[in-house]
Amino acid sequence: MSDTIESRLKAAGIDLPVAAAPAANYVSFVVTGKLLQTSGQLPIEAGKIAVTGKLGGGVSLEDGQRAARLCAVNVLAQAKAAVDGDWTRLSRLLKLTVFVASAPEFVEQHKVANGASDFLVEILGDAGRHARSAVGVPALPLDAAVEIEALFELA
C-alpha cells in the first residue's frame with residue numbers, strides 16, 4: 001500500500017508538507033490500540049491559511065471544496081507522521097468530521113466535504129472510503145473556512 005499511496009500522491013501533484021505542530025496545548029494526533037485520531041487540520045498551504053471566511057458569505061463552494069482538499073492533505077501529513085512514514089501501518093480511514101464556517105443560510109456543507117472525501121478516496125483507494133459528518137459552524141480558528149479531523153484504523 002505504501003508505494004500505491006506515494007504514487008497516487010505523485011500522480012495528483014501532491015508533495016505532503018511536514019506535519020504541522022500543534023498551535024496550543026494539545027497534540028497533533030493520538031494513537032491508541034489500532035486507532036489513530038488526528039486533531040483538526042486547517043487548509044494550510046505554503047505555511048498560511050489558504051481559504052478564509054464563511055461559505056455563503058463570500059467564500060464560493062469551489063473555494064470551500066479546495067479548502068477541504070487542503071485540510072485532507074494535512075490530515076495525510078499527520079497520518080504519515082503518526083506511522084513514521086510507513087503507510088503499510090495505515091489500514092483504512094474510518095471517519096471524517098468536517099467543520100465548515102458557514103453563513104446562516106448556507107446548507108451545502110456536504111458538498112464542501114466532498115472536496116476532502118473525493119481526494120482521500122483518490123489517494124487511499126478503497127481504504128479511503130469512510131463514514132462522515134459535515135457540520136456548519138459560525139467560525140473556525142484563524143478564520144479558516146474549513147477544519148477536518150480524521151479517525152483511521154491501523155494495521
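You'll find the structure just up there.
Residues numbered from 1 in each chain as written. Predicted model: local features only at pLDDT ≥ 70, side-chain atom pairs only at ≥ 80, totals over all residues. Heavy atoms only, no water.

Novice: Could you give me a rundown of helix α3 (residues 109–124), with the residues and numbers involved?
Specialist: Three- or four-residue spacings in an α-helix give side chains the same orientation, since the helix completes a turn every 3.6 residues. Its 16 residues place the ends of α3 23 Å apart at the C-alpha level, agreeing with the 22 Å of an ideal helix rising 1.5 Å per residue. Bending of α3 peaks at approximately 30° at the position of Gly115. Buried within α3 are the following residues: Gln109, Val112, Ala113, Gly115, Ala116, Ser117, Phe119, Leu120, Ile123 and Leu124. In the segment just after α3, Gly125 is the residue with positive phi, at about 65°. (Helix = DSSP H or I, 4+ residues; strand = E, 2+ residues; numbered from the N terminus. Expected span 1.5 Å × (residues − 1). Bend = angle between axes of the 7 residues up to and from the residue. Buried < 20%, exposed > 50% of the residue type's maximum accessible area, 1.4 Å probe, protein only.)

Novice: With reference to specific residues and values, describe the pattern of salt bridges.
Specialist: For the structure shown, the criterion picks out 6 salt bridges. When the shortest N-O distance is used, the salt bridge between Arg66 and Glu45 registers 2.5 Å. Taken together, the positions of Arg66 in helix α2 (residues 61–82) and Glu45 in strand β3 (residues 44–45) put the pair 21 residues apart, joining distant regions of the chain. Between Glu122 and Arg69 there is a salt bridge, with the nearest N and O atoms lying 3.9 Å from each other. Of the two residues, Glu122 sits in helix α3 while Arg69 sits in helix α2, which places them 53 residues apart along the sequence. (Salt bridge = Lys/Arg side-chain N within 4 Å of Asp/Glu carboxyl O.)

Novice: Now, about the layout of surface pockets: what can you tell me, with residues and values included?
Specialist: Within this model, the largest pocket holds a volume of roughly 560 Å³. What lines the largest pocket is a set of 28 residues, and nearest its centre among them are Ala20, Gln41, Leu42, Ile44 and Asn74. Only β3, β4 (48–49) and α2 provide two or more residues apiece to the lining of the largest pocket. Tallying contributions element by element places α2 first for the lining of the largest pocket, with 4 residues. Tallied by class, residues from the lining of the largest pocket come to 17 nonpolar, 7 polar and 4 charged. (1 Å grid on protein atoms, 1.4 Å probe; cavity = no way out; pocket = protein on both sides within 12 Å on 5 of 7 lines; lining within 4 Å. Points joined across faces, edges and corners; volume = space filled by probe spheres on them. Nonpolar A, V, L, I, M, F, W, Y, C, P; charged D, E, K, R; others polar.)

Novice: Run through the sheet that holds strand β5 (residues 90–101), naming residues and quoting values.
Specialist: One open sheet accounts for 5 strands, arranged β1-β2-β7-β5-β6; its pairing is mixed. The sheet is open, and its two edges are formed by β1 (29–32) and β6 (131–137), each paired on a single side. Within the sheet, the average angular offset between the axes of one strand and its neighbour, ignoring direction, is 15°. By the bridge criterion, 4 bridges tie β1 to strand β2 (residues 35–38) in an arrangement that is antiparallel. Across the sheet, Phe29 pairs through a bridge with Thr38, a residue of β2. (Pairing = 2+ DSSP bridges. Axes fitted to C-alpha atoms, helices over the stretch in contact; angles between N-to-C directions.)

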